[in-house]
Amino acid sequence: MRIPRLIAAGALAGSLLLLTAPAHAATTQTTAVTAYGYNDNDDGNGNSGTARISYPQIHTQATEGSGSYDDPTTFATDPGEHAPGTIIYVPHLQKYFIMEDGCVACSADWQNGVRHVDLWMGTAAAQPEPALADCENYVTRSSVDILVSPDPGLPVDTTPMFTDGQCTAVIH
């Protein structure tokens with residue numbers, strides 16, 4: 001969505017010039033993207049196998065949501081990289097995510113100057129392996145452009161990424 005602004009242009013002899021400015025200040029960032037799920041999520045005390053999240057914003061536990069702007073999926077990272085509540089858009093998945101969880105590997109990368117987000121794969125119960133790990137690897141990218149604070153009208157694929165023990169993620 002664009003918001004019109006009128007700016008007087010003195011050089012144009014008093015005429016007005018119509019410009020548009022984005023409603024959001026979306027930024028593109030090159031980022032490492034990984035994925036995690038119930039089986040390998042850590043509760044912060046070294047216990048894996050949980051859907052708990054560190055920074056609840058709109059969810060009480062990690063959730064896939066629909067991936068839309070209004071129902072984003074949980075993602076994890078270092079809170080210094082993206083503050084809790086930050087929304088991102090991952091183009092190769094055509095999904096929105098909201099920062100609600102911590103990620104030890106992301107924090108280590110962030111301290112070394114490397115951007116890294118970890119995307120929730122879905123389901124709040126243990127999943128068959130290696131199916132979950134294989135699906136996590138399928139969506140992982142060592143370097144991809146994501147949008148931070150994106151506009152809400154981008155294309156959205158509401159296909160869950162992991163369902164009934166199967167990888168259902170769609171790469172665009």
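Everything quoted here is computed from the prediction, not taken from an experiment. Every chain's residues receive numbers from 1 upward, in the order its sequence appears when written. Local features in a predicted model are, by the rule used here, given only for residues with pLDDT of at least 70; side-chain atom pairs are given and counted only at 80 or more, and totals for whole chains, interfaces and linings are based on all residues. Side-chain numbers come from the whole structure's heavy atoms, not from hydrogens or water.

Draft legend 1. Layout of the sheet that holds strand E5 (residues 87-90). Taken in spatial order, the six strands of this closed barrel run E3-E7-E4-E6-E5-E8, and their pairing is mixed. Taken pair by pair, the neighbouring strands of this sheet meet at an average axis angle of 50 degrees, ignoring direction. Two strands qualify as a pair provided that DSSP identifies no fewer than 2 bridges between them. The helix and strand labels rest on DSSP assignments: H or I over at least four residues marks a helix, E over at least two residues marks a strand, and numbering proceeds from the N terminus. The pairing of E5 with strand E8 (residues 141-148) spans two bridges and is antiparallel. Across the sheet, the residue bridging to Tyr89 is Leu147, located in E8. Two residues form a contact once any of their heavy atoms are found within 4.5 Å. Only the stretch in contact is used when fitting a helix axis, every axis being a line fitted to C-alpha atoms; angles between N-to-C directions are given from 0 to 180 degrees. On top of the sheet, helix H1 (residues 104-111) reaches strand E4 (73-76) and strand E7 (116-120); it is set at about 165 degrees to E7, its chief contact. The sheet contacts of helix H2 (residues 131-139) involve strand E3 (27-36) and E8, and relative to E3 the element is tilted by about 165 degrees.

Draft legend 2. How the structure looks around the pairing of E3. For E3 and E8, the ladder comprises six bridges, and the chain directions are antiparallel. Directly across from Thr30, in E8, lies its bridge partner Asp145. As paired strands, E3 and E7 are joined by five bridges and run parallel to one another. If you follow Ala32 over to E7, its bridge partner there is His116.

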